[in-house]
Amino acid sequence: MIFDKRKGSLLNYIQLPLHVITPTGTYLGTGYDAKSKPTYILSHVKVNLESVNTLAFSSMSTDAIILDNKPTLDITDSVVGYKYKVSNTESNYGYITVASTRIDITSKKITKPMAEFILEKQLRNIGNILEKFIKVKIAQPHYDALLYHFYNEGTSTIENSPVIALINVGDWYSVTDEIQKNIKKSNGTIDERLAQQKMKTAKMFSFVPSFS
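Residues numbered from 1 in each chain as written. Predicted model: local features only at pLDDT ≥ 70, side-chain atom pairs only at ≥ 80, totals over all residues. Heavy atoms only, no water.

Student: Where do I start with the overall build of the chain in this structure?
Tutor: In terms of helices and strands, the chain carries 7 helices and 10 strands. For 212 residues, the compact-globule formula gives about 17 Å, and the C-alpha radius of gyration of the chain, at 19 Å, lands near that figure. Overall size of the chain, expressed as C-alpha extent along the three principal axes, is 65 × 40 × 30 Å. Put simply, the chain has 212 residues, and 44% of those count as buried. Carbon together with sulfur atoms contributes 52% to the accessible area of the chain, which is approximately 11,400 Å² in total. One way to put it: in the chain the 25 positive side-chain charges average out to a point 2 Å from where the 20 negative ones average out. (Helix = DSSP H or I, 4+ residues; strand = E, 2+ residues; numbered from the N terminus. Rg over C-alpha atoms; globule rule 2.2 N^0.38 Å. Buried < 20%, exposed > 50% of the residue type's maximum accessible area, 1.4 Å probe, protein only. Areas by Shrake-Rupley, 256 points an atom, 1.4 Å probe, with all protein chains shown as cover. Lys, Arg positive; Asp, Glu negative; His and termini not counted. Charge placed at Lys NZ, Arg CZ, Asp CG, Glu CD.)

Student: Can you help me understand the sheet that holds strand 6 (residues 79-81) in this one?
Tutor: Spatial strand order, 5-6-7: 3 strands in an open sheet with antiparallel pairing. Looking along the sheet, the strands with just one partner apiece sit at the ends: strand 5 (72-76) and strand 7 (84-85). (Pairing = 2+ DSSP bridges.)

Student: Please explain the pattern of salt bridges as it appears in this structure.
Tutor: When the charged atoms of two side chains with opposite charge come close together, those side chains can pair. Counted by the stated rule, this structure contains 8 salt bridges. Lys198 is the salt-bridge partner of Glu153, the closest N and O atoms lying 3.6 Å from each other. Note that Glu153 is positioned in helix 4 (residues 140-153) and Lys198 in helix 7 (residues 192-205), a separation of 45 residues in sequence. Accessibility expressed as a relative area gives 5% for Lys198, which makes it buried. Across the salt bridge formed by Lys181 and Glu178, the nearest N and O atoms sit 3.1 Å from each other. (Salt bridge = Lys/Arg side-chain N within 4 Å of Asp/Glu carboxyl O.)

Student: Help me understand the nonpolar core in this model?
Tutor: Grouped together as the largest cluster of nonpolar side chains are 46 residues, with contacts concentrated most on Ile96, Ile126, Leu130, Ile134, Ile138, Leu146 and Ile167. Here Ile167 is in contact with Ile134, Val136, Ile138, Leu146, Trp172, Val175 and Phe205, once residues within four sequence places are set aside. If you look at the next biggest cluster of nonpolar residues, it comprises 8 residues, including Leu11, Ile183, Ala195 and Ala202. (Core = buried A, V, L, I, M, F, W, Y, C linked by side-chain atoms within 4.5 Å. Contact = heavy atoms within 4.5 Å.)

Student: Looking at this model, I keep getting lost on the environment of Lys121. Mind explaining?
Tutor: Looking at where Lys121 falls in the secondary structure, it is placed in helix 3 (residues 112-133). Exposure remark for Lys121: the relative accessible area of 18% places this residue in the buried category. For the pair Lys121 and Ala99, spaced 22 residues apart in sequence, the C-alpha separation works out to 7.5 Å. Contact partners of Lys121, with chain neighbours within four places excluded, come to Tyr84, Glu90, Ile96, Thr97 and Val98. One polar contact links Lys121 to Glu90, side chain to side chain, over a distance of 3.2 Å. (Polar contact = N/O pair within 3.5 Å; in protein donor to acceptor, adjacent residues only side chain to side chain.)

Student: Please explain the layout of surface pockets as it appears in this structure.
Tutor: Where empty space is left can be seen by rolling a probe of water-molecule size over the atoms. Looking at the second largest pocket, its volume works out to about 170 Å³. Around the second largest pocket sit Lys83, Tyr84, Lys85, Gln122, Asn125, Ile126, Phe150, Tyr151, Gly154 and Thr155, which together line it. Looking at the lining of the second largest pocket, the elements with two or more residues in it are strand 7, helix 3 and helix 4. Here the element with the most residues in the lining of the second largest pocket is helix 3; it accounts for 3 residues. The residue inventory of the lining of the second largest pocket, partitioned by class, reads 4 nonpolar, 4 polar and 2 charged. (1 Å grid on protein atoms, 1.4 Å probe; cavity = no way out; pocket = protein on both sides within 12 Å on 5 of 7 lines; lining within 4 Å. Points joined across faces, edges and corners; volume = space filled by probe spheres on them. Nonpolar A, V, L, I, M, F, W, Y, C, P; charged D, E, K, R; others polar.)

Student: Help me out: how do you make sense of unusual backbone geometry in this one?
Tutor: Outside of glycine, negative phi angles account for most residues, and trans bonds account for most peptide bonds. Of note, the phi angle at Lys83 is positive, near 65°, even though the residue is not glycine. Mapping Lys83 onto the fold places it in the loop between strand 6 and strand 7. Within the chain, Ser100 stands out as a residue other than glycine whose phi angle is a positive 70°. Within the secondary structure, Ser100 is located in the loop between strand 8 (95-98) and strand 9 (101-104).

Student: How do you make sense of helix 7 when you look at a structure like this?
Tutor: A turn of α-helix holds 3.6 residues, and therefore any two residues three or four places apart point the same way. For helix 7, built from 14 residues, the straight-helix expectation of 20 Å at 1.5 Å per residue is met to within 8% by its first-to-last C-alpha distance of 20 Å. Residues Leu194, Ala195, Gln197, Lys198, Met199, Thr201, Ala202, Met204 and Phe205 constitute the buried set of helix 7. Among the structural elements, strand 1 (20-22), helix 1 (59-68), helix 4, helix 5 (162-168) and helix 6 (175-179) are those in contact with the buried residues of helix 7. (Expected span 1.5 Å × (residues − 1).)

Structure below.
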């Protein structure tokens, strides 16, 4: 695939602007004008924006991660499930606590449902960090996309993330462009797996019910 894009679009041949959810309304991408500026129409669908601390992950983010990754069911190098890092305390006590439920790891093995349950803990942990750095209200699709994004990028990147910076200044039309940057390997070639991952994130961020 050729990965190329215009302002607001995805990294592929479908050169249409992605939809944009903002505090003033939801805008549907319709095309580009003669100067290649993206054009939008205001949708009748209103997507609510909420404070980050009131949002919770949905199946949108969990399903995306589960689809992309095969869980590790044996603890290897203190990692299990969907890249969950088992702490020394958890290893010593022999269980991982998720929502007041103990998952036994004394056998050094877990099941796929257990891995998915632990993933919920991982997403809540990411959400707790997002609460510290996102200063504005966001929509549920924004939240799920950010959970997916930082699951892949790592939570250590949240504080200085240009994606978070754009959200905090309300530059909603530039977020998906920023998400889709940096898709090349060290040798200068396109990392197609990474490009597809970033496209999925951008589509999730711009999801509008009935129009996506």
